[in-house]
Amino acid sequence: MLNPKFFISRALMAICLVFLLSSSFAQQTSVSGTVTDETNVPLPGVSVKLKGTTIGTTTDINGKYNLNAGRPLKKGDLLEFTYLGFSTATISYAGNNSVNVKLTEDSQALKEVVVTALGIKREEKALGYATQNISSNQLNDARSNNWAGALSGKVAGLTLISGGSGPLNSTRITLRGNTSLNPDGNFALVVLDGVPMNSGMTSAGVNNAYGAGSGNDAPIDFGNGIADINPDDIESINVLKGASATALYGSRAANGALIITTKTGARKDKGVGISFNSNVSFNDVLKWPDFQHEYGQGTMGPNENFLPAGQKHYSYGISADGAATHGTSSAFGPKFNGQMYFQYDPAIQGAGTERTLWRPYENNVKGFFRTGSTITNNIAIEGGNEKASARASITHSKNEWIMPNTGYERLTAAISLNYNVSERLKLNSKVNFTNKASDNLPATGYNNQTISYFMIFQNPNVDLNWYQDRWKKGAEQVDQIHPFSSFIDNPFLIAYEMTNAVDSYSTVGNISATYDFSKNLNVMVRSSLDMSTEERDTRRPYS
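Parameters and conventions
Residues numbered from 1 in each chain as written. Predicted model: local features only at pLDDT ≥ 70, side-chain atom pairs only at ≥ 80, totals over all residues. Heavy atoms only, no water. Helix = DSSP H or I, 4+ residues; strand = E, 2+ residues; numbered from the N terminus. Buried < 20%, exposed > 50% of the residue type's maximum accessible area, 1.4 Å probe, protein only. Contact = heavy atoms within 4.5 Å. Areas by Shrake-Rupley, 256 points an atom, 1.4 Å probe, with all protein chains shown as cover. Salt bridge = Lys/Arg side-chain N within 4 Å of Asp/Glu carboxyl O. 1 Å grid on protein atoms, 1.4 Å probe; cavity = no way out; pocket = protein on both sides within 12 Å on 5 of 7 lines; lining within 4 Å. Points joined across faces, edges and corners; volume = space filled by probe spheres on them. Nonpolar A, V, L, I, M, F, W, Y, C, P; charged D, E, K, R; others polar. Phe/Tyr/Trp six-rings, centres within 6.5 Å; stacked < 30°, edge-to-face > 60°. Lys NZ or Arg CZ within 6 Å of the ring centre and 35° of its normal. Core = buried A, V, L, I, M, F, W, Y, C linked by side-chain atoms within 4.5 Å. Patch = residues over 30% accessible without salt bridge, like charges linked within 9 Å, V, L, I, M, F, W, Y side chains within 5 Å. Pairing = 2+ DSSP bridges. Axes fitted to C-alpha atoms, helices over the stretch in contact; angles between N-to-C directions. pLDDT = per-residue confidence, 0-100. Polar contact = N/O pair within 3.5 Å; in protein donor to acceptor, adjacent residues only side chain to side chain.

### Observations regarding the overall build of the protein chain
At step 1: Within the protein chain, the secondary structure is distributed over four helices and 27 strands.
At step 2: Burial status across the protein chain gives 42% buried among its 543 residues.
At step 3: Across the protein chain, every contact between residues at least 6 apart in sequence was considered, and the portion connecting residues at least 24 apart equals 62%.
At step 4: Only carbon and sulfur atoms are counted for the fraction: they give 54% of the accessible area of the protein chain, which is about 29200 Å².

Next up, the structure:
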C-alpha cells in the first residue's frame, strides 16, 4: 500500500520548485529606454554602461537602447550615460524595466581650449585636424624614470620606441606609424613652451650593438632631451597629428608634434601657494629567461675524455681525470649527479688540488641584480594678482638602478613670469634648467663589456661570488678574475671598473611680448633658447 506522506512531501517539493523558478524568471536582467537632450531630440551613439562592470551598449539612431546586464539587476545598480559634449548622467536603478534619460550640454567641454603650434590657443571644436590633450595628472601616476612612458595607451596612434637600455632609457615617439624608410625620419617633434627640442638619442660606442664584438665599446644610453623634462612642471600635452596640424613648424614636424605647456603662476585664488610632493618608485627585472641547472660546463667534444665508468668528465685544467674542459662558455658537459671533479678553487684562484662536489649554483645570474629605486621630491611656489603672476619650482631625483653601481641624480628648476603691462601689452617668460649627473651608466648590447653578454655565457656550475674580488692577487689593475671563458669579462669589473659617467646641463627658455590691437588681432614677438653642454668620462681598465 502506498504511503500518503510520500505523496504529500513530493507535492510540496514540486510547489517550491515552481515558486523558485517563477521568481527567478521574474527578476529583471535588462533595462531599456530613450536618451534625449534638453529639447527632447533623440541622441544616437550615447554610451550606456552598468557602472563598475564592462557591460554596456549604445543608443540607436532614434536614441533608444536596450542593456542586457547578463545577471539580475538589483536596486542601487548604477547606469552611466556618457556622450561627447554633454554632462555624464548616472542613474540609480529603481526596479523599473524602462529608464528614460535627458542629458544636458557641458559648456566647459564644448569650449575646451588647446594649445596648437607656436603656443596659439584655440577652441578644440574649431580645429580642422585631429588633436588629443593629456593632463598633468595622467603623467604623474606611477611614474617611470622617463615620464614619456606614461603616454603609452593614452594617445591614439602613438608608439614609444625605447631600447630598455638603462636608467635614463631614451625614448622616441612615433605618431600614426612610420612614413619613411629612414629610421631617424619617423619621429614626432617635441616642443616645450614653443621651443623645438632635440629628441635624438645620445650614445657612445658603436651604433650597432651586435657589431661591437669584443674590441669596441658597446653603446651607452646617456638619455635624450625628453627625459630631462620634469613632469611636475607640465601643465598639459597637446598631441598634433599630421602635417596640416604642424605646418608652422615645417618639415621637422611632418610626423606630428607633442606641444608641451608648463605651469604658470596663475591661480584660482589670489595670493601665494606652496605645494610639495614626493614620489618613490621601485623597479625590478621584468622577466627572466628559463635557466637550466641540469648540465654543467662542457661541449661534449672529442677532447673531453671518458672516465672508466663511461661518464663524461669535467676538469679545471689538466688533471688526473683528463684534459681541461673549463675554457668553454657552453653548458653541454656532465649532468649534475653528485660526482666529484677537480674544479676551480677561489681561495687559490686556480685549479683545486682535491675533487669537490659537481653542483649547480642556481642564483649565479639573478643574484647579481638588485631592486632599483627612484626617489623624487618637488617643491613649488606660485602666486599672482590681476597684473602679474609667477611660479618657481625645484625638483630633485635620485635613482639607483637594478645593476649595482649604476643610476643617476637629476636636479630640475623652472620659473615662469607673466606681467600685464597694460590692457593691450603682455610680457611672458619661462625658463627650465636641468642638471643630470651619473657616476656610471650601463653599456648595452652583444659585447664583453656588458652584463647581458655575461648572462648569456655564465655557466651553471660557476658561483657568482668567485668573481667578487675582481682582480687576481698580486696583479691588481692588470689581470682580472675571469677563470672560465675568455669571452666574458668579470661582472663586478664591468660594474665598478668599466664606468660611463656623465654630467650634463641644459637650459630651455623663452621670452615673449604680445600686443592686442583688437579682440581678433594681436602681434607676438618671441625669442627662444635651447642650450646644452655635456661632459662624459668613459673608463676601461687594462686587463
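Picking up where we left off.
### Notes on the environment of D284
At step 1: Within the secondary structure, D284 sits in the loop between β19 (271–283) and β20 (340–345).
At step 2: The exposure class of D284 is exposed, given its relative accessible area of 51%.
At step 3: For the pair D284 and I402, spaced 118 residues apart in the sequence, the C-alpha separation amounts to 6.3 Å.
At step 4: With residues near it in sequence (within four places) discarded, D284 still touches R370, T371 and I402.

### Observations regarding the pattern of salt bridges
At step 1: Under the definition given, this model contains 13 salt bridges.
At step 2: Here D77 ties to K74 by a salt bridge, and the two come within 3.6 Å at their closest N and O atoms.
At step 3: Note that D537 is salt-bridged to R539, the shortest N-O span being 3.2 Å.
At step 4: Residue R539 is classed as exposed on the basis of its relative accessible area of 51%.
At step 5: Each of R71, K74 and D77 takes part in one network of salt bridges that share partners.

### Describing the layout of surface pockets
At step 1: In this structure, the second largest pocket encloses a volume near 870 Å³.
At step 2: G164, S165, G166, W401 and I402 are, among the 34 residues lining the second largest pocket, the residues nearest its centre.
At step 3: Only β11 (158–162), β19 and α3 (451–457) provide two or more residues apiece to the lining of the second largest pocket.
At step 4: In terms of residue class, the lining of the second largest pocket is built from 14 nonpolar, 17 polar and three charged.

### Digging into the packing of aromatic side chains
At step 1: By the definition in use, this model includes 20 aromatic pairs.
At step 2: Ring centres of Y344 and W466 lie 5.6 Å apart, and the angle between their planes is 50°; on these two criteria the pair is classed as tilted. With Y344 in strand β20 and W466 in the loop between α3 and α4 (491–496), the pair connects residues that are 122 residues apart, well separated along the chain.
At step 3: In textbook terms, an aromatic cluster arises when at least three aromatic residues are bridged by ring pairs, as seen for W288, F291, F368, F369 and F492.
At step 4: For the cation-ring pair, R359 lies above Y361, with the distance from its terminal atom to the ring centre recorded as 4.0 Å.

### What to know about the nonpolar core
At step 1: One finds F368, M403, Y467 and F484 to be the most contacted residues of the largest nonpolar core, which totals 29 residues.
At step 2: Sorting the residues of this core by element identifies β20, α3 and α4 as the ones contributing at least two each.
At step 3: Excluding its chain neighbours within four sequence positions, the residues that come into contact with M403 are F368, F369, R370, P442, I451, I494 and A495.
At step 4: By size, the runner-up hydrophobic cluster in this structure holds 23 residues, among which are A150, V155, M197 and I234.

### Quick notes on a nonpolar patch on the surface
At step 1: There is a patch of nonpolar side chains on the surface, built from V272, I274, F276, I379, I381, I394 and L411 and spanning about 680 Å² of accessible area.
At step 2: Those elements giving two or more residues to the nonpolar patch turn out to be β19 and β22 (372–384).
At step 3: Broken down by element, the residue count for the nonpolar patch peaks at three residues, all from β19.
At step 4: Judged by relative accessible area, I394 falls into the partly exposed class, the value being 41%.

### Quick notes on the sheet that holds strand β3 (residues 56–58)
At step 1: Spatially, the four strands line up as an open sheet ordered β3-β2-β5-β6, and their pairing is antiparallel. Where the open sheet ends on each side, the last strands, each with one partner, are β3 and β6 (89–92). Geometrically, the sheet is characterised by an average inter-axis angle of 20° between neighbouring strands, direction not taken into account.
At step 2: Bridge count between strand β2 (residues 47–50) and β3: three bridges; the pairing is antiparallel. Bridge pairing in β3 links V48 to T57.

### Overview of the confidence of the model for the protein chain
At step 1: When pLDDT is averaged along the protein chain, the result is 81, and 82% of the positions lie at 70 or above.
At step 2: This stretch, residues 302–310, has a pLDDT under 50; its non-local contacts, to residues over four places away or in other chains, come to 14 contacts.

### Remarks on the sheet that holds strand β17 (residues 234–240)
In any sheet, the strands associate via hydrogen bonds between backbone groups, in a parallel or an antiparallel arrangement.
At step 1: Pairing within the open sheet is mixed, and its five strands lie in the order β10-β17-β18-β13-β14. At either margin of the open sheet sits one strand with a lone partner, and together these are β10 (131–135) and β14 (195–197). The sheet shows a mean angle of 25° between the axes of neighbouring strands, direction not considered.
At step 2: Examined bridge by bridge, β10 and β17 share five bridges and lie antiparallel to one another. Along β17, the bridge assignment pairs Q132 with V239.

### Some points on the pairing of strand β1 (residues 30–36)
At step 1: For β1, the buried fraction is high: five of the seven residues fall into the buried class.
At step 2: Of the pairings in the sheet, the one linking β1 to strand β4 (residues 64–68) comprises five bridges and is antiparallel in character. Its bridge partner lying in β4, V31 is registered against L67.
At step 3: Inspection of the sheet shows β1 paired to strand β7 (residues 101–102) by two bridges, in the parallel sense. Each bridged residue has a counterpart across the sheet, and for V35 the counterpart in β7 is V101.

### Re the side chain of N435
At step 1: Among the structural elements, N435 can be located in strand β25 (residues 425–438).
At step 2: Only 3.1 Å separates the side chain of N435 from the side chain of D503, close enough to count as a polar contact.
At step 3: A distance of 2.9 Å separates a polar atom in the side chain of N435 from the backbone oxygen of S504.
At step 4: Sequence-distant contacts of N435, that is, excluding residues within four places in its chain, are made with E409, R410, L411, D503, S504 and Y505.

### Considerations on the environment of A513
At step 1: As for its placement among the helices and strands, A513 is situated in strand β26 (residues 500–518).
At step 2: Given the relative accessible area of 25%, A513 is considered partly exposed.
At step 3: Distance in space between the C-alpha atoms of A513 and S429 is 8.9 Å, their sequence separation being 84 residues.
At step 4: For A513, the residues in contact, after removing those within four places along its chain, are K426, L427, V523, M524 and V525.

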